[in-house]
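Remarks on the overall topology
Letter by letter, the chains look like this.
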Amino acid sequence: MPNKLTLGLINWSGHGNLGDDAMARVLIKRFSKDFDVVNFGERPGRADWYILGGGTLIAQKSLFMQKIPYPERTIGISLGVSNGWEEYGLDKLKQFPLLFVRDFQSYDWLEAKGLSPKLSVDLLCALTPKPRVNESRVVGNFIPYHPHKSGYDDPDKTQIKLSPDDGAGQYFTDANELLDLFSETGTAQVTRLHALVLAWLAGVPHIYGNSAYDEKIEGFLERVKRLTPEQARNIINRDLDHICQYLKSA
């Protein structure tokens, strides 16, 4: 039996951020059966192929653009383009054989630069929530310097953290645990993108996402406005399958 290809993952995992760590785990789970997967984080080593993503990794002076060793052997998945991007790394992106983005704005920006991106969704849409069992809980995800701090003093509100920097509250490191919490939640007010993604996947009836803190909130809401969680899950699984078949035939 021939040796498996080595697939190197390039991302921002390993820094205590729930979303970045969960996206890396989605990729590891999907590709480990067919490839030797190495999660390099932001320090890529030697591999046959690379996957960049997910996240807003297309940005001005992005360290990820600097460190991509072989763009012609790199595939982008669930990527976003940061506001203020001025074509930094465009020469490398043009060499990617496949490039999937997670929102309309990123798609439009890259297409305007002469690229041929494919429209996907956020990688965490691959997760499957458990059946809803309760809708009485109220959950808030607040950033310490954000003006909406009133939730901190509400004894009936569960404060969640997706990163050690998020101030007071219960710190979640496992996306599936937070997804389970949201399956028992009736109202969620969120400032972090992946708190929003997980609340939406879990079918929380009342979700308030604050795009004033992060434009990615608005980008996600616009992307899934006409999608169900099941449709989004089918889209990301389709795109991951596409990547797998491409790599097998390369």
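Quick look at the overall build of the chain now. Helix and strand content of the chain: 8 helices and 12 strands. Against the 2.2 N^0.38 benchmark of 18 Å for 250 residues, the chain shows a C-alpha radius of gyration of 18 Å, consistent with a compact globule. Along the three orthogonal principal directions, the C-alpha set of the chain runs to about 55 × 45 × 35 Å. Counting over 250 residues, the chain shows a buried share of 50%. Looking at the chain as shown, the accessible area adds up to about 11,700 Å², and 46% of this sits on carbon and sulfur atoms. The centroid of the 29 positive side-chain charges in the chain is displaced by 4 Å from the centroid of its 31 negative side-chain charges.

As a further point, take helix α4 (residues 104-112). Its side-chain oxygen placed 3.2 Å from the backbone nitrogen of glutamine 105, aspartate 103 serves as the N-cap of α4. In the stretch just after α4, glycine 114 is the one whose phi turns positive, near 90 degrees.

Within the largest apolar cluster, 53 residues are counted, with the highest numbers of intra-cluster contacts made by Phe182 and Leu198. Broken down by element, this core gets its largest block of residues, 8 residues, from helix α6 (residues 193-201). Not counting chain neighbours up to four residues away, the residues in contact with leucine 198 comprise Leu18, Leu124, Leu127, Ala175, Leu178, Leu179 and Phe182. Counting 20 residues, the second-largest nonpolar core is a separate cluster that includes Met65, Ile68, Trp85 and Val101.

Cis peptide bonds are those with omega within 30 degrees of zero, and the linkage from glycine 53 to glycine 54 qualifies with -5 degrees. Looking at the element boundaries, glycine 54 is found in the loop between β3 (49-52) and β4 (55-58). The backbone of lysine 61 shows a phi angle near 60 degrees, a positive value even though the residue is not glycine. Mapped onto the elements of the fold, lysine 61 is located in the loop between β4 and α2 (63-67). Backbone geometry places serine 78, a non-glycine residue, at a positive phi of 55 degrees. For serine 78, the location among the structural elements is in strand β5 (residues 74-81).

What counts as what
- Residues numbered from 1 in each chain as written.
- Predicted model: local features only at pLDDT ≥ 70, side-chain atom pairs only at ≥ 80, totals over all residues.
- Heavy atoms only, no water.
- Helix = DSSP H or I, 4+ residues; strand = E, 2+ residues; numbered from the N terminus.
- Rg over C-alpha atoms; globule rule 2.2 N^0.38 Å.
- Buried < 20%, exposed > 50% of the residue type's maximum accessible area, 1.4 Å probe, protein only.
- Areas by Shrake-Rupley, 256 points an atom, 1.4 Å probe, with all protein chains shown as cover.
- Lys, Arg positive; Asp, Glu negative; His and termini not counted.
- Charge placed at Lys NZ, Arg CZ, Asp CG, Glu CD.
- Polar contact = N/O pair within 3.5 Å; in protein donor to acceptor, adjacent residues only side chain to side chain.
- Core = buried A, V, L, I, M, F, W, Y, C linked by side-chain atoms within 4.5 Å.
- Contact = heavy atoms within 4.5 Å.

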